[in-house]
Amino acid sequence: MVLNFFIKRHTNANAESFNSKIKLFRANLRGVVDVKFFLFRMEKLFA
């Protein structure tokens, strides 16, 4: 990852940001009961 930045000037900031959004979404739900519905909502919000 570090070498990628210095060689190609690429970072994983987009992936980290997306991961952060998913964690926040899960925290707001306070636990997922229906996994199928959770994945459906994730697709609609972030697709």
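What counts as what
Along each chain, residues carry numbers from 1 onward, in the same order as the chain's sequence is written. At least 70 in pLDDT is required for a residue's local features to be given in this predicted model, at least 80 for side-chain atom pairs to be given and counted, and no such filter applies to totals for whole chains, interfaces and linings, which use all residues. Calculated side-chain values reflect all of the structure's heavy atoms, with hydrogen atoms and water omitted. Put simply, DSSP marks the helices as runs of H or I at least four residues long and the strands as runs of E at least two long, and each gets a number from the N terminus on. Buried, partly exposed and exposed residues are distinguished by accessible area as a fraction of the type maximum, computed with a 1.4 Å probe on protein chains only: under 20%, between the cut-offs, and over 50%, respectively. Under the convention used here, a 1.4 Å probe and the Shrake-Rupley method define accessible areas, while residue burial counts only the protein chains that appear. To count toward a patch, a residue needs a relative accessible area above 30% and no salt bridge. Like charges then connect within 9 Å, nonpolar side chains (Val, Leu, Ile, Met, Phe, Trp, Tyr) within 5 Å. Salt bridge, as applied in this entry: a Lys or Arg side-chain nitrogen positioned within 4 Å of an Asp or Glu carboxyl oxygen. Predictor confidence is given residue by residue as pLDDT, running from a minimum of 0 to a maximum of 100. Given the number of residues in a helix, its expected span is that number minus one, multiplied by 1.5 Å. Axis lines are fitted through C-alpha atoms, for helices just across the contact stretch, and the angle between N-to-C directions can take any value from 0 to 180 degrees. Here roughly perpendicular refers to angles of 65 to 115 degrees, roughly parallel to angles under 35, roughly antiparallel to angles over 145, and oblique to all remaining angles. The crossing is said to be left-handed when, going from far helix to near helix, the turn is anticlockwise and less than a right angle, and right-handed when the turn is clockwise. The contact criterion used is simple: two residues touch if any of their non-hydrogen atoms lie within 4.5 Å. Amino acids outside the nonpolar list (Ala, Val, Leu, Ile, Met, Phe, Trp, Tyr, Cys, Pro) and the charged list (Asp, Glu, Lys, Arg) are all regarded as polar, and Gly is one of them.

1. Considerations on the overall build of the protein chain
Next up, step 1: If you tally the helices and strands in the protein chain, you get 3 helices and 0 strands.
Next up, step 2: Per-residue burial for the protein chain yields a buried fraction of 9% across its 47 residues.
Next up, step 3: When the accessible area of the protein chain is evaluated, it comes to approximately 4,500 Å², of which 59% is carbon and sulfur surface.

2. Comments concerning a nonpolar patch on the surface
Next up, step 1: Taken together, the side chains of Leu29, Val32, Val35 and Leu39 define a hydrophobic patch exposed on the protein surface, amounting to about 320 Å² of accessible area.
Next up, step 2: Examined against the element boundaries, Val35 turns out to sit in helix α3 (residues 35-46).

3. Considering the confidence of the model for the protein chain
Next up, step 1: Residues with a pLDDT of 70 or more make up 89% of the protein chain, whose mean pLDDT is 78.
Next up, step 2: Confidence, expressed as mean pLDDT per element, reaches its minimum in the protein chain at helix α1 (residues 2-8) with 71 and its maximum at α3 with 83.

4. As for helix α2 (residues 13-29)
Next up, step 1: End to end, α2 covers 25 Å across 17 residues, agreeing with the expected 24 Å (1.5 Å per residue, within 8%).
Next up, step 2: Within two residues after α2, Arg30 carries a phi angle of roughly 55°, on the positive side.

5. Side note on the packing of α2 against α3
Next up, step 1: For the pair α2 and α3, interaxial distance at closest approach is 12 Å and the crossing angle is 130°. The angle between α2 and α3 falls in the class oblique. The element α2 and its partner α3 pack so that their crossing is right-handed. On α3, the residues that touch Phe18, Lys21, Ile22, Phe25, Arg26 and Leu29 of α2 are Phe38, Arg41, Met42, Leu45 and Phe46.
Next up, step 2: Looking at side-chain class alone, the contact of α2 with α3 contains 8 nonpolar, no polar and 3 charged residues.

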